[in-house]
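Here's the letter readout for the chains.
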Amino acid sequence: MKAPPRWLRVLFALFAYTSVHFAAGRWKRGLAWVAAYFACVLLVLHVPTWIFFVDLLGQAVDAALLTPAVSRATRWYALAALIVICVEQIVVLPIRYVWVEAFQIPSGSSVPTLLVGDHVWVDKTAKHPSRGDNIVFIYPKERDKDFVKRVVAVGGDTIELRDDGQLVLNGAPVPRVHVDGPCAYDDDVEGIWEKRECDAWDETLGGRTYRVIFNRDRLPRAFAPVTVPAGSYYVLGDNRDNSHDSRYWGFEIGRASCRERV
């Protein structure tokens, strides 16, 4: 049977990802494109939308150029298209947009808990984070960016950071224990990596114990007691002296922008 024309192969490839490759008997190429798609959706970081369009167009062009290994009747194209659409719509998309999604840590504001370049999974069903949770949220000042910080106070709480680095919640010091031994981390300063000396503390909040650090060459970025409005959150980076957080842009993280929990 004569292979379908290129325009038809492109059409099938655009609306039913890799269906042409499998229907034409090019299983290895088809699997390679499927792997690329899953890498974008699940394994690679929170990639821009245009990456998916490049991937889609790439496999469509490849479908137009490939030589079928065997002839296939039209019904096999339809079957392959149905299978691919079902897998994408029923399995892949809900996983990414409803349940979990992969992100990469772009900065050192959450050191030592999360290092630059770390890959993390986020729970997209966690819409109401608690104190002590690390969350991914939409940066209030630039809505196209995602930030990762730790929730230290929720609506109705009064939060304070003293000059000695002590966090105070509703008038009570948050328990912390000093960590002895060397403490240092690498920081990107205008494109140049520098090693910074620090002091580390194990802080316990909301039943979670995590490590926070303070630079030795500067005073803690303290703030006076503030009360968090209802429906909002106050977040800090675990790298307390190297974090752009609620100390700079206030209470603009609400439930609408708080999307996931790490």
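Residues numbered from 1 in each chain as written. Predicted model: local features only at pLDDT ≥ 70, side-chain atom pairs only at ≥ 80, totals over all residues. Heavy atoms only, no water.

1. Comments concerning the overall build of the protein
Selection rule: Helix and strand assignments come from DSSP, with helices taken as H or I runs of at least 4 residues and strands as E runs of at least 2, each series counted from the N terminus. Residue exposure (1.4 Å probe, protein chains only): buried if accessible area is under 20% of the type maximum, exposed if over 50%, otherwise partly exposed. Residues count as neighbours in contact if any of their non-hydrogen atoms are within 4.5 Å of one another. Accessibility throughout is a Shrake-Rupley quantity obtained with a 1.4 Å probe, and a residue counts as covered only by protein chains that appear here.
Helix and strand counts for the protein come out as six helices and 15 strands. The buried share of the protein, taken over its 262 residues, is 43%. Long-range pairs, those at least 24 residues apart, make up 59% of the contacts in the protein with a sequence separation of at least 6. Just so you have it, the protein exposes about 13600 Å², and 62% of that area is on carbon and sulfur atoms.

2. Describing a nonpolar patch on the surface
Worth spelling out the cut-off: Distance thresholds for patches are 9 Å for like charges and 5 Å for nonpolar side chains (Val, Leu, Ile, Met, Phe, Trp, Tyr), applied to residues having over 30% relative accessible area and no salt bridge. Salt bridges are defined by distance alone: a side-chain nitrogen of Lys or Arg within 4 Å of a carboxyl oxygen of Asp or Glu.
Together, W7, L11, L14, F15 and L57 give the surface a local cluster of nonpolar side chains, amounting to about 570 Å² of exposed area. Ranked by residues supplied to the nonpolar patch, first place goes to helix α1 (residues 6–15) with four residues. Inspection of the secondary structure assignment puts L11 in helix α1.

3. Looking at the packing of aromatic side chains
Our working definition: Between 30 and 60 degrees the pair is tilted, below 30 it is stacked and above 60 it is edge-to-face, where a pair is any two Phe, Tyr or Trp rings, Trp via its six-membered ring, whose centres lie within 6.5 Å. In our convention, an over-ring charge means Lys NZ or Arg CZ found within 6 Å of a ring centre and within 35 degrees of that ring's normal.
Across all of its chains, the model carries five aromatic pairs by this definition. Judged by centre distance (4.3 Å) and plane angle (5°), the rings of Y139 and F147 are stacked. F147 matches Y139 in its accessibility class, with the two residues each being buried. Summarising the aromatic geometry, the rings of F223 and Y234 are spaced 5.2 Å apart at their centres and angled 35° between planes, so their arrangement reads as tilted. Of this pair, F223 sits in strand β12 (residues 223–227) while Y234 sits in strand β13 (residues 232–236), placing them 11 residues apart in sequence. The exposure classification of F223 matches that of Y234, with both residues buried. Joined through ring pairs, the aromatic side chains of F137, Y139, F147 and W249 make up one cluster. The residue whose ring lies beneath R150 is Y210, and the NZ or CZ to ring-centre distance is 3.8 Å.

4. A few points about the pattern of salt bridges
Within this structure, the stated rule accounts for 13 salt bridges. Residues E194 and R196 are paired through a salt bridge, measuring 3.9 Å at the closest nitrogen-oxygen approach. For R196, a relative accessible area of 15% gives the class buried. The shortest N-O distance in the salt bridge between D202 and R211 comes to 2.8 Å. Residue classification places D202 among the partly exposed residues on the basis of a relative accessible area of 23%. Since its relative accessible area comes to 35%, R211 is described here as partly exposed. Members of the salt-bridge network, linked through shared partners, are E197, D199 and R216.

5. Brief notes about the pairing of strand β2 (residues 119–123)
In plain terms, the rule: Note: two strands are recorded as paired if DSSP finds a minimum of 2 bridges between them.
With burial as the criterion, only one face of β2 is covered, namely that bearing V120 and V122; the residues H119, W121 and D123 on the opposite face remain uncovered. Bridge count for strand β1 (residues 100–104) against β2 is five bridges, and the pairing is antiparallel. When the bridges of β2 are listed, E101 appears paired with V122.

6. Focus: the state of the cysteines
Rules: The disulfide criterion used throughout: a pair of cysteine sulfur atoms within 2.5 Å.
Per the counting criterion, the structure on display carries one disulfide. Bridging C183 to C198, the disulfide has an S-S length of 2.0 Å. Linking C183 and C198, the disulfide has an S-S dihedral of approximately -90° and is accordingly described as left-handed. A residue pair is termed long-range when its members are at least 10 positions apart, and C183 in the loop between β8 (176–179) and β9 (184–189) and C198 in strand β10 (residues 192–205) qualify at 15 residues. The same class applies to C183 and to C198, which are both buried.

7. Details of the sheet that holds strand β7 (residues 172–173)
With respect to topology, four strands assemble into an open sheet ordered β7-β6-β5-β12, the strand pairing being antiparallel. Edge positions in the sheet fall to β7 and β12, since each of these pairs with one other strand and no more. As paired elements, strand β6 (residues 167–169) and β7 share two bridges and run antiparallel to each other. For L169, the partnering residue across the bridge sits in β7 and is A172.

8. Things to note about the environment of R240
Turning to its location among the elements, R240 is positioned in the loop between β13 and α6 (246–249). Assessed through its relative accessible area of 0%, R240 is described here as buried. When the C-alpha positions of R240 and V212 are compared, they lie 6.8 Å apart, and in sequence the two are 28 residues distant. Excluding residues within four positions of it along the chain, R240 makes contact with V152, L167, E203, Y210, V212, I213, F214, R221 and R247.

None of this, on its own, says anything about what the molecule does.
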